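So you can see what is in the structure, the chains are spelled out below.
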Amino acid sequence: LRNKFIAAIAGASDEAALEEVRLSALGKKGEISALMGGLGKMEPEARKAAGASLNVLRDEIDAALRGRKAGLADAALDARLKSEWLDVTLPGRPRPAGTIHPVSQVMDELTAIFADMGFSVAEGPQIESDWFNFDALNIPPEHPARQEHDTFFMHRAEGDDRPPHVLRTHTSPVQIRALQAQGAPIRVIAPGRVYRMDMDQTHTPMFHQVEGLAIDRNVTMANLKWCLEEFCRAFFEVDEVELRFRASHFPFTEPSAEVDIRYSVQNGQIKLGQGDKWMEILGSGMVHPKVLAAAGVNPDEWQGFAFGMGIDRIAMLKYGIPDLRAFFEADLRWLRHYGFAA
Ligand code: PHE
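Under an unreviewed UniProt entry, the name given to the chain is Phenylalanine--tRNA ligase alpha subunit, and the organism recorded is Neogemmobacter tilapiae. Per UniProt, the comment on the chain under Sequence similarities (unreviewed entry) is "Belongs to the class-II aminoacyl-tRNA synthetase family. Phe-tRNA synthetase alpha subunit type 1 subfamily." Under the UniProt heading Subcellular location (unreviewed entry), the entry covering the chain gives this text: "Cytoplasm".

Visitor: Tell me what's going on with the UniProt feature "binding site: Mg(2+)" (unreviewed entry) in the chain, and back it up with residues and numbers.
Guide: According to UniProt, the "binding site: Mg(2+)" (unreviewed entry) feature falls on E254. In this structure, E254 sits in strand β7 (residues 253-266). The residues touching E254, leaving out its near neighbours within four places in the chain, are M286 and H288.

Visitor: Which residues make up the pattern of salt bridges, and what values go with them?
Guide: Using the criterion set out here, one finds 23 salt bridges in the structure. A salt bridge links R58 to D59; the nearest nitrogen and oxygen atoms lie 3.5 Å apart. Judged by its relative accessible area of 31%, R58 falls in the partly exposed class. You can call D59 partly exposed: its relative accessible area is 44%. The network of salt bridges with shared partners includes R244, R246, E258, D260 and E280.

Visitor: Account for the UniProt feature "domain: Aminoacyl-transfer RNA synthetases class-II family profile" (unreviewed entry) in the chain, naming residues and giving values.
Guide: In this structure's numbering, the residues bearing the UniProt feature "domain: Aminoacyl-transfer RNA synthetases class-II family profile" (unreviewed entry) are residues 104-329. Secondary structure content for residues 104-329 is 27% helix and 32% strand, while the C-alpha to C-alpha distance between its ends is 15 Å.

Visitor: Give a description of the packing of aromatic side chains that names residues and reports values.
Guide: Taken as a whole and assessed by the stated rule, the structure comprises 14 aromatic pairs. Their ring planes at 40° and their centres at 6.1 Å tell us that F327 and F328 sit as a pair that is tilted. Judged by its relative accessible area of 2%, F327 falls in the buried class. You can call F328 partly exposed: its relative accessible area is 29%. Relative to Y338, the ring of W334 lies with its centre 5.3 Å away and its plane at 55°, an arrangement referred to as tilted. Three or more aromatic residues link up through ring pairs in this structure, and these residues are F114, F119, F231, F235, F236, F305 and F307. Over the aromatic face of F5 sits the side chain of K4, whose NZ or CZ is 5.2 Å from the ring centroid.

Visitor: Break down the packing of helix α9 (residues 221-236) against helix α11 (residues 311-319) for me, citing the residues and quoting the values.
Guide: Following both chains from N to C, one finds α9 and α11 inclined at 45°, their axes separated by 11 Å at the closest point. Judged on the interaxial angle alone, α11 and α9 are oblique. The interaxial crossing formed by α9 with α11 has right-handed handedness. Here F231, F235 and F236 of α9 come into contact with α11, specifically with I314, L317 and K318.

Visitor: Any chance you could break down the site of the ligand for me, citing the residues and the numbers?
Guide: The immediate surroundings of the ligand are formed by 14 residues, with H170, S172, R196, Q209 and G308 found nearest. Separating a nitrogen atom of the ligand from a side-chain N or O atom of S172 is a distance of 2.9 Å. Take Q209: an N or O atom from its side chain is 3.0 Å from an oxygen atom of the ligand. If the ligand stood free it would expose 320 Å²; the protein chains cover 92% of that surface. Residue assignment for the shell around the ligand shows that the elements contributing at least two residues are β5 (206-216), β9 (277-287) and β10 (303-310). Among the elements that line the shell around the ligand, the one with the most residues is β10, at 3 residues. Of the residues assigned to the shell around the ligand, the class counts are 4 nonpolar, 8 polar and 2 charged.

Visitor: Outline the packing of helix α1 (residues 2-11) against helix α2 (residues 15-26), listing residues and values.
Guide: How two helices sit against one another is set out by the angle between their axes and by the gap between those axes. Packing of α1 against α2 leaves a shortest axis separation of 9 Å and a crossing angle of 160°. Compared by their axis directions, α1 and α2 come out roughly antiparallel. The element α1 and its partner α2 pack so that their crossing is left-handed. Contact residues: F5, A8 and I9 in α1; L18, V21, S24 and A25 in α2. Of the residues in the contact of α1 with α2, the class split is 6 nonpolar, 1 polar and no charged.

Visitor: So, the nonpolar core: which residues are in play, and what are the values?
Guide: Residues L110, F114, F231, I281, F305, M309 and I314 are the most contacted members of the largest nonpolar core, which totals 45 residues. Contributions of two or more residues to this core are made by α5 (102-116), β5, α9, β7, β9, β10, α11 and α12 (332-337). In terms of residue count, the dominant contributor to this core is α9 (7 residues). The next biggest cluster of nonpolar side chains, apart from the first, holds 26 residues, and it includes L137, V188, V287 and L292.

Visitor: Quick one: what's the story with the confidence of the model for the chain, residue by residue and with numbers?
Guide: With 100% of its residues at a pLDDT of at least 70, the chain reaches an overall mean of 92. The complex prediction reports pTM at 0.73, with the ipTM value standing at 0.98.

What counts, and where the lines are drawn
- Residue indices begin from 1 for each chain and proceed along its sequence in written order.
- It should be noted that, the model being predicted, local features are given only for residues of pLDDT at least 70 and side-chain atom pairs only at 80 or more, the latter also being counted only at that level, while totals for whole chains, interfaces and linings use all residues.
- Working from all heavy atoms in the structure, the side-chain values ignore hydrogens and water.
- UniProt positions are given in the numbering used here, feature names are shortened, and annotations may be inferred rather than shown by experiment.
- Helix and strand labels come from DSSP, where a helix needs a run of H or I of at least four residues and a strand needs a run of E of at least two; each type is numbered from the N terminus.
- Here, two residues are considered to be in contact whenever any of their heavy atoms come within 4.5 Å of each other.
- For this document, the term salt bridge refers to a Lys or Arg side-chain nitrogen within 4 Å of an Asp or Glu carboxyl oxygen.
- The buried label applies to any residue whose accessible area, calculated with a 1.4 Å probe on protein chains only, is under 20% of its type's maximum; exposed applies above 50%, and partly exposed to all values in between.
- Only centres within 6.5 Å qualify two rings of Phe, Tyr or Trp (six-membered ring in Trp) as a pair; their planes then separate them into stacked at under 30 degrees, edge-to-face at over 60, and tilted for everything else.
- Two conditions define a charge sitting above a ring: the NZ of Lys or the CZ of Arg must be within 6 Å of the ring centre, and it must be within 35 degrees of the ring normal.
- Axis lines are fitted through C-alpha atoms, for helices just across the contact stretch, and the angle between N-to-C directions can take any value from 0 to 180 degrees.
- Working rule for angles: under 35 degrees goes down as roughly parallel, over 145 as roughly antiparallel, 65 to 115 as roughly perpendicular, anything else as oblique.
- Note on convention: near helix rotated counterclockwise from far helix by under a right angle means a left-handed crossing. Clockwise means right-handed.
- Nearness here has a simple test: a residue counts as near a molecule or strand if at least one of its heavy atoms is within 4 Å of that partner.
- Nitrogen and oxygen atoms within 3.5 Å of one another constitute a polar contact, given that in protein one can donate a hydrogen and the other can accept it, and given that sequence-neighbouring residues count only through two side-chain atoms.
- Accessibility throughout is a Shrake-Rupley quantity obtained with a 1.4 Å probe, and a residue counts as covered only by protein chains that appear here.
- When residue character is reported, Ala, Val, Leu, Ile, Met, Phe, Trp, Tyr, Cys and Pro are called nonpolar, Asp, Glu, Lys and Arg charged, and the others, Gly included, polar.
- Among buried residues, those of type Ala, Val, Leu, Ile, Met, Phe, Trp, Tyr and Cys that are joined through side-chain atoms within 4.5 Å constitute a nonpolar core.
- pLDDT expresses how confident the predictor is about each individual residue, on a scale running from 0 to 100.

Below, the structure written as structure tokens:
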């Protein structure tokens, strides 16, 4: 009898089957219960012996039932854990995070620095009329400066003889647009994309400039110099920068100066200062009276400076990057190397 129940308990494949075994052994009508019920009719001596062994048997079966029950519960839990395996405590899978392109970062930074000096932001279109890009800036059609700008021209329809629009070759047309819109006095910067047919280590056909324009009753070159030096100190986060003002010529400024900044190359990386190299970062000068007049501002009353700075150039200097072309190749390995992407 013992072996029969032990085997049945071991063979019960779930809790329901086990319960049946329990009932057939220890239930009210179970076999062991029946045997125990029969004890009353026995002689005292025989009852004592049979009762003792029945108690042992009952306890043994009871223990086996409990053991099997716990085992089946564990197995049931394991099975459930296997089928319902969603683990809400798992950390999420990280997605690659986008980052701000170095040129955009630099634009944000320089906008903030000039804002501290009282410059607001002006904008103009990248597809520009030749009047804004050239004529209004004192570059008439036959002027040689037009050739020097390596201009991209838009197409006109067949038979349309008006001069074609251009991809703006500099941000200077925004000087005219801002003056027309706001008049004088004015203090604006105009960051944005410009285009020229040019390509080498320090030139790409699309690049970025920031135009600066400050017009008032007695703004001078001295104000320009302070403004640029102050900007460079803030932008490059140094106490002193060495700028070189070189006399130059632009049709829209008089006098004009190009400004270079001292740098060196160490281990293929660009370093600011302490070197024998100069990088041109901007053109500048006092706004030509003809330009003020073209924009509807009286040159006998107002004067001021303008500059056009190469944003990509100052980004190269700030981040020590020797080749401008890499800025626009969207190569993640390059962006990561310089810490611009995760
Ligand atoms: N527009 C000039 C250039 O692109 C730079 C410049 C701007 C010079 C303003 C003088 C004044 O090279």
